[in-house]
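The residues making up each chain are set out below.
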Amino acid sequence: MVGLAPLFLAFTFGIHVVMVNLGIGLAWLVPYFKMRAERGEREFEDVARTLMRFYAATYGVAGVFGTAFTVFLLSYYPGFLGVAGNITLIPFGLSILAIALHFFSITAYWYGWGRWSRPVHNLIGLLLGVSALLIPLGFRVVFAFLNIPAGLGYDPAEGKLYLDVGAALAKNPTFLPLYLKSIVAAFTATFMAVAGAYAYKAFFRAESEEERRIALRVATMLAKPAIAGLVAMVLLGLWYAISLQNIPYKFNNVFADLGWNVGNGKAYYSVSWLFLLKMMLLAVQFAALAYALPALTKGSLDTSRAKLLLYGGLAALATIAAGEYVNAFSQYPFFIAVWPDVLAGNVPIDALQSFGISIPAEALPAVVSAVNSIVLLEGATR
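Rules used throughout
- Going along each chain's sequence as written, the residues are numbered from 1 onward.
- Note on the predicted model: pLDDT of at least 70 is required for a residue's local features to be given, and 80 or more for side-chain atom pairs to be given and counted; whole-chain, interface and lining totals, by contrast, use all residues.
- Side-chain calculation: all heavy atoms of the structure are included, whereas hydrogens and water are not.
- Here a Phe, Tyr or Trp ring, Trp counted by its six-membered ring, pairs with any other such ring whose centre lies within 6.5 Å, and the pair is stacked when the planes are under 30 degrees apart, edge-to-face when over 60, and tilted otherwise.
- Strands are runs of DSSP state E lasting at least two residues, helices are runs of H or I lasting at least four, and both sets are numbered from the N terminus onward.
- Exposure classes here rest on a 1.4 Å probe applied to the protein chains alone. A residue is buried below 20% of its type maximum, exposed above 50%, and partly exposed in between.
- Whether a charge sits over a ring depends on NZ of Lys or CZ of Arg being within 6 Å of the ring centre and within 35 degrees of the ring normal.
- UniProt positions are given in the numbering used here, feature names are shortened, and annotations may be inferred rather than shown by experiment.
- At least two bridges found by DSSP between two strands is the condition for calling them paired.
- Angles here are taken between N-to-C directions and fall from 0 to 180 degrees, while the axes themselves are lines fitted to C-alpha atoms, restricted in helices to the stretch in contact.
- Relative orientations are named as follows: roughly parallel for angles under 35 degrees, roughly antiparallel for angles over 145 degrees, roughly perpendicular for angles from 65 to 115 degrees, and oblique for any other angle.
- Each helix crossing is assigned a hand: it is left-handed if the near helix lies turned anticlockwise from the far helix by less than a right angle, otherwise right-handed if that turn is clockwise.
- Between two residues, a contact is recorded if the distance between any of their heavy atoms is within 4.5 Å.
- Charged residues are taken to be Asp, Glu, Lys and Arg, nonpolar residues to be Ala, Val, Leu, Ile, Met, Phe, Trp, Tyr, Cys and Pro, and polar residues to be all remaining types, Gly included.
- We define a polar contact as two N or O atoms separated by no more than 3.5 Å, with the added condition that, inside protein, one atom must be a possible hydrogen donor and the other a possible acceptor, whereas residues neighbouring each other in sequence contribute only through side-chain atom pairs.
- Space inside and on the surface of the protein is sampled on a 1 Å grid over the protein atoms alone, with a cavity defined as a set of points where a 1.4 Å probe fits but cannot get out and a pocket as an open set with protein on both sides within 12 Å along at least 5 of 7 lines; lining residues have an atom within 4 Å of a point.
- Grid points are joined across faces, edges and corners, and a volume is the space filled by probe spheres set on the points.
- What the arc measures is the spread of directions leading from the helix axis to the C-beta atoms.

Novice: I tried to follow the packing of aromatic side chains on my own but got confused; where do I start?
Specialist: Aromatic rings considered in pairs are described by the distance between their centres and by the relative angle of their planes. Throughout the structure, instances matching the rule amount to 22 aromatic pairs. Ring centres 6.0 Å apart and planes at 80 degrees place the aromatic pair Phe92 and Phe139 in the edge-to-face group. Placement of the pair is Phe92 in helix α4 (residues 89-111) and Phe139 in helix α5 (residues 118-147), with a sequence separation of 47 residues. What makes Phe92 partly exposed here is its relative accessible area of 23%. Centroid distance Tyr249 to Tyr268: 5.3 Å. Interplanar angle 25 degrees. Geometry classified as stacked. Of this pair, Tyr249 sits in helix α9 (residues 248-255) while Tyr268 sits in the loop between α9 and α10 (272-298); the two residues are 19 residues apart in sequence, bridging distant segments of the chain. Pairwise contacts between aromatic rings join Phe251, Phe255, Trp260 and Phe275 into one cluster. We note Arg140 situated over the ring of Phe143; from NZ or CZ to the ring centre the distance is 5.0 Å.

Below is the structure:
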């Protein structure tokens, strides 16, 4: 059973990550609508400003919950931050720098709106979008490292752990599918959420026919790429699942109860129910788009389809949280997912060489001792 501390940690992380994913999509949507307005479609000026205000609010919420998450980690898992944070300092540092750059971009973009020249403001808008993509890049390197610590090396003479960043990027089979899936999911969820919100606005909040027309146009524009994003998410999710076959402990906790297993086929802490919940949320999104998109395209959307599209947007946000929970809890209670497989002999230590992990067999006990606080939570047993 999951303790209260991990549950609270998961709650703060879930809220934070949903808001962050919305921010990734809005960081590109806001400048996009503003540029369309500058090129003659003036009706999008108000859309861009509305989304920017919403974006600023979500960024604030993400910051509050992100801070709470960090304080919680510092308080309860100082060993984790002390060791893993030191080893993965470069990708962590990249994300921290990107966060600072992103904060500057948001502030400059908002206060420079209508004050600065168009090229300068658009350049800030580009910086806004690029920095939004760099933040998860660094964090996904860390998350992939926690799957398989590719690039981890151990110097017996110095008794120190170190990270080869090149190997961490190139030899970790889980990094690229995890990062690409995350980015596609962020854009898809944003498209779904904004399309649903504007479809709802068209029928229940619009104060004029013109406002209703614009809202339906925005909903139509975003619903179309959303369905392409859903298909891409399924394919990238399958790629990520296949990459996790290198980690029997984690893989089986997700899929063994569904009949897909590797290694000894045993699920130690099954989260297959959570994975099924995520699939149901994806199905809601597909159903909402399949039902509403044809009507949107023909201009015949009605109130029931508009509500369903709104529910699809809410399901998209819930899918983000469910996906993160599946990824995190599938290695519970371990921080480094592949390590219990190594200790149990399910993954031979020689196999780690293919991931760029340089740990002499005779040094393994010392490594396990050194990183114990990031491998096993206190009192955790298999």
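Next comes the rest of the description.
Novice: Can you help me understand the UniProt feature "transmembrane region" (unreviewed entry) in the protein in this one?
Specialist: UniProt marks residues 6-33, 54-77, 89-111, 123-146, 178-200, 221-242, 273-296 and 308-326 with the feature "transmembrane region" (unreviewed entry), using the numbering shown here. Taken end to end, residues 123-146 is 100% helix and 0% strand, and its first and last C-alpha atoms sit 35 Å apart. Each end of residues 178-200 is marked by a C-alpha atom, and these two atoms are 32 Å apart; helix forms 100% of the span and strand 0%.

Novice: Could you clarify how one ought to interpret the pairing of strand β1 (residues 152-155) in this entry?
Specialist: Two faces make up the sheet, and in a regular strand the side chains alternate between them. One ladder, built from four bridges, connects β1 with strand β2 (residues 160-163); its direction is antiparallel. Opposite Leu152, over in β2, you have Leu163 as the bridge partner. Taken together, β1 and the strand that follows it, β2, pair antiparallel across an intervening segment of four residues, in which Gly159 is found at a positive phi of about 65 degrees.

Novice: Would you explain the packing of helix α7 (residues 175-204) against helix α11 (residues 303-329) in this entry?
Specialist: Axis angle and axis distance: for two packed helices, these are the angle between their axes and the distance between the axes, and together they describe the pair. Look at α7 against α11: their axes get within 8 Å of each other, and the N-to-C directions meet at 150 degrees. Classified by the interaxial angle, the pair formed by α7 and α11 is roughly antiparallel. Handedness of the crossing formed by α7 with α11: left-handed. Along the contact surface, α7 presents Ala185, Ala186, Ala189, Met192, Ala193, Ala195, Gly196, Ala197, Ala199, Tyr200, Phe203 and Phe204, while α11 presents Thr303, Ala306, Lys307, Leu309, Leu310, Gly312, Gly313, Ala316, Leu317 and Ile320. Tallied by class, residues from the contact of α7 with α11 come to 17 nonpolar, four polar and one charged.

Novice: Teacher, can you tell me more about the side chain of Asp341 here?
Specialist: Structurally, Asp341 can be placed in helix α12 (residues 339-344). Among the residues examined, Asp341 registers a relative accessible area of 1% and is labelled buried. For Asp341, the side chain forms a polar contact with the main-chain nitrogen of Tyr249, separated by 2.9 Å. Leave out the neighbours within four places in its chain, and Asp341 touches Ile247, Pro248, Tyr249, Asn346 and Val347.

Novice: Can you help me understand the layout of surface pockets in this one?
Specialist: Any empty space left between the atoms is revealed when a probe the size of a water molecule rolls over them. The calculated volume of the second largest pocket comes to roughly 530 Å³. Every element with two or more residues in the lining of the second largest pocket is listed here: α7, α8 (209-243), α9, α10 and α11. Per-class residue counts for the lining of the second largest pocket are 16 nonpolar, seven polar and five charged.

Novice: Could you clarify how one ought to interpret helix α3 (residues 78-87) in this entry?
Specialist: Each full turn of the α-helix corresponds to 3.6 residues, which orients residues three or four apart in the same direction. Burial in α3 covers these residues: Phe80, Ala84, Gly85 and Ile87. Buried residues along α3 cover an arc of 155 degrees about the axis, so they all sit on one side.

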